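Here is how the chains run, residue by residue.
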Amino acid sequence: MATKLASLVSQMDQINEFDREPVHASHIQSASRFAGLFAGEHVAATEFVIGAFFVLHGVHAKDLLIGLLIGNILAVLSWTFICAPIAVSTRLTLYWYLRRIAGPGLTLIYNVANALLYCILAGAMISVSSTAVGFAMGIPTPSLNDWLPNSAAWVVVTLLIGCLFTLLAVFGFAALSRFAGVCSPWLFLVFVAGAIATFPALGVHTNFDNFWEILETKVWNGKPVEGQEQFGLWQIAFFAWFANLAMHIGLSDMALFRYAKSWTYGLFTSTGIFPGHYLAWICSGLMVAAANREMDPGRMAYGAAGVAGVLAVMIAGWTTANPTIYRAGLALQSVTPNWPRWKLTLYTGLITSVLACFPIFFVRLLDYVAIYGLVLMPIGAVVLTEHWIFPALGIAQYEAERKNLLFNWKVLVVWIGTLGVCAIMPLHLFYRWLPAYFLAIILYIVLNLGERKAQ
């Protein structure tokens, strides 16, 4: 046994994810790998929660359909024209590229914050999968008012699921994309089948002549449940756009697109975004409406699609938590540079599993997604400015690298200053990131104008 374990560790050490160097041309991945990876990541367990929350927040049917279309198109364009070109140009992770801009000290702080936020997000995905397993085992799901674990059984189940999910993440990009490619078509079919199965309970006629009326009166009827704020078209549009803000505008998906042959591979995010963040959100809305508007993903899925629904919730959490844990492991590479990536990913997954035991992260998922995107957004603005705008303005790039700085104070000022403005901005939480993004770009340019004069 000891010999086999040593052999496995040796094999894991041989996996090269190019943590601190550009990806070699021989490791560029095919378009189908990206299509499968994004399809698996964005048809996720959290879709059962997010789509259901839109119903609980009293969205009107027309606002939902139009808002999701606008927001998801903007998200795909953000990946394609902002994140993917920088990733293909550098072939580096954001975490290693940022080191040249911000200095190793500030990059360390950012990477720890980034990894923690990703751990929480992956923990929410694990929590949602736990609701499915818990439902099958008769374990009560935490309610919308539960911030702490509601039973020891819930903790045990969640920890076991988290450890299972972590095992695949340690094998790297290729394993993640293969797993997602196999699972994603089946998961999407379960979402659709579950939604269709709710039609009789909702009162849809066999000829569908009352279908739109049912959607407007029994599903997205404009009436929020008690304690929930009502959402309109633009709140839906902005949420769909920034649901993955840290990945596209925040540039964390440089970790994935550095393997792409072309920046146009950013368009492959549509293989996951529209099935997952459009149709799956609609399907989960139908499911929660049929379940008397009670937030319980496991019960919702079982009521709509039986055992297949329960399995879909669990596997959807797996396909999404895996790449999120993978990103968190990469983010920590600068903190422990002598550790192999797989070992960091393993420890990151264990931390994530513990966080998943706290239901606050999935019962307040919409607010958390907004906050975590806001926290990481200013750094994305700094990197975009450094990479594309500075050369156009004649401003010298990579000040931290040129001057051997531990901390680039200008980046720190932009990061903290932008978040400070976001905190006092008199706008809805969902809207704050966009004006703050342009503020961060302008502020970073102004702070570096002296570098241009010195040339």
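Cut-off values and rules
Residues numbered from 1 in each chain as written. Predicted model: local features only at pLDDT ≥ 70, side-chain atom pairs only at ≥ 80, totals over all residues. Heavy atoms only, no water. Helix = DSSP H or I, 4+ residues; strand = E, 2+ residues; numbered from the N terminus. Contact = heavy atoms within 4.5 Å. Buried < 20%, exposed > 50% of the residue type's maximum accessible area, 1.4 Å probe, protein only. Salt bridge = Lys/Arg side-chain N within 4 Å of Asp/Glu carboxyl O. 1 Å grid on protein atoms, 1.4 Å probe; cavity = no way out; pocket = protein on both sides within 12 Å on 5 of 7 lines; lining within 4 Å. Points joined across faces, edges and corners; volume = space filled by probe spheres on them. Nonpolar A, V, L, I, M, F, W, Y, C, P; charged D, E, K, R; others polar. Axes fitted to C-alpha atoms, helices over the stretch in contact; angles between N-to-C directions. Parallel < 35°, antiparallel > 145°, perpendicular 65-115°, else oblique. Left-handed = near helix turned anticlockwise from the far one by under 90°. Phe/Tyr/Trp six-rings, centres within 6.5 Å; stacked < 30°, edge-to-face > 60°. Expected span 1.5 Å × (residues − 1). Bend = angle between axes of the 7 residues up to and from the residue. Core = buried A, V, L, I, M, F, W, Y, C linked by side-chain atoms within 4.5 Å. pLDDT = per-residue confidence, 0-100.

Caption draft 1: Representation of the overall build of the protein chain within the structure. Looking only at helices and strands, the protein chain features 21 helices and 0 strands. Partitioning the contacts of the protein chain with sequence separation of at least 6, the portion at a separation of at least 24 is 86%.

Caption draft 2: Molecular detail of the side chain of Asn244. Following the sequence through the fold, Asn244 ends up in the loop between helix H11 (233–242) and helix H12 (254–257). Once residues lying within four places of it in the same chain are set aside, the contact partners of Asn244 are His42, Trp79, Ile273 and His277.

Caption draft 3: Representation of the environment of Asp146 in the model. Within the secondary structure, Asp146 is located in the loop between helix H6 (104–137) and helix H7 (152–169). A relative accessible area of 24% places Asp146 in the partly exposed class. Considered as a pair, Asp146 and Val363 are 217 residues apart in the sequence and their alpha carbons are 7.9 Å apart. With residues up to four places along the chain from it excluded, the contact list for Asp146 reads Pro359, Ile360 and Val363.

Caption draft 4: Seen up close, the pattern of salt bridges. What the rule picks out here adds up to 5 salt bridges. Between Arg100 and Glu401 there is a salt bridge, and its shortest N-O distance comes to 3.1 Å. Taken together, the residues span a long stretch of sequence, with Arg100 in helix H5 (residues 94–102) and Glu401 in helix H18 (residues 399–402) at a distance of 301 residues. Look at Glu401 and you get partly exposed, because its relative accessible area is 42%. A salt bridge links Asp367 to Arg364; the shortest N-O distance between them is 2.8 Å.

Caption draft 5: View of the layout of surface pockets. By volume, the largest pocket is sized at about 250 Å³. If you go around the largest pocket, you meet 16 residues; those closest to its centre are His57, Gln228, Arg364, Leu366 and Asp367. Examining the composition of the lining of the largest pocket, we find that 3 residues originate from one element, helix H17 (residues 365–393), more than from any other. Considering only residue class, the lining of the largest pocket consists of 8 nonpolar, 5 polar and 3 charged.

Caption draft 6: Layout of empty space enclosed by the protein. The tally for this structure, following the rule as stated, stands at 1 cavity of 30 Å³ or more. Lining the largest cavity we find 17 residues, and of these Thr46, Met125, Ala243, Asn244 and His277 sit closest to its centre. Only helix H2 (31–42), helix H3 (46–56), H6, helix H14 (297–331) and H17 provide two or more residues apiece to the lining of the largest cavity. Within the lining of the largest cavity, the residues separate by chemical class into 9 nonpolar, 6 polar and 2 charged.

Caption draft 7: Just the packing of helix H10 (residues 211–219) against helix H13 (residues 270–290), in detail. In the contact formed by H10 and H13, the axes pass within 11 Å of each other and the chain directions differ by 60 degrees. Viewed along their axes, H10 and H13 adopt a mutual orientation that is oblique. For the crossing formed where H10 meets H13, the hand is left-handed. Contact with H10, carried on its side by Leu215, Lys218 and Val219, involves Gly285, Leu286 and Ala289 of H13 and no other residues of that element.

Caption draft 8: Spotlight on H5. The buried count for H5 comes to 7 of 9 residues, which makes it a mostly enclosed element. Taken residue by residue, H5 has Leu94, Tyr95, Trp96, Tyr97, Leu98, Ile101 and Ala102 as its buried positions.

Caption draft 9: Inspection of the packing of aromatic side chains at higher detail. Enumeration according to the criterion identifies 27 aromatic pairs in this entry. Arranged with centres 5.6 Å apart and planes meeting at 45 degrees, the rings of Phe81 and Trp263 form a pair that is tilted. Residue Phe81 is found in helix H4 (residues 61–90), and its partner Trp263 is found in the loop between H12 and H13; the two are separated by 182 residues along the sequence. Look at Phe81 and you get exposed, because its relative accessible area is 52%.

Caption draft 10: Representation of the side chain of Thr80 in the model. Considering the arrangement of structural elements, one finds Thr80 in helix H4. Take Thr80: its relative accessible area is 1%, and that puts it in the buried class. Dropping the residues within four chain positions of it, Thr80 is found in contact with Pro85, Trp263, Gly266 and Leu267.

Caption draft 11: Spotlight on the environment of Thr418. In this structure, Thr418 sits in helix H19 (residues 409–424). Residue classification places Thr418 among the buried residues on the basis of a relative accessible area of 0%. Along the sequence, Thr418 and Ala440 sit 22 residues apart, while their C-alpha atoms lie 6.0 Å from each other. Setting aside anything within four residues of it in sequence, one finds Thr418 in contact with Met377, Pro378, Val413, Ala436 and Ala440.

Caption draft 12: Here's a closer look at H4. Counted at 1.5 Å a residue, the expected span for H4 with its 30 residues is 44 Å, and the 43 Å between its end C-alpha atoms agrees. If you look at H4, its biggest bend is around 35 degrees, right at Ala84, and the proline Pro85 turns up within four residues after that. Count one or two residues on from H4 and you reach Arg91, which has phi positive near 60 degrees.

Caption draft 13: Structural detail: the nonpolar core. Counting 146 residues, the largest nonpolar core has Phe239, Phe257 and Trp433 as its most contacted members. Every residue in contact with Trp433, bar those within four places of it in the chain, is listed here: Phe238, Trp241, Phe242, Leu245, Ile249, Leu374 and Met377.

Caption draft 14: Just the confidence of the model for the protein chain, in detail. For the protein chain, per-residue confidence averages 85 on the pLDDT scale, and residues scoring 70 or more make up 87% of the total. This stretch, residues 8–16, has a pLDDT under 50; its non-local contacts, to residues over four places away or in other chains, come to 11 contacts.

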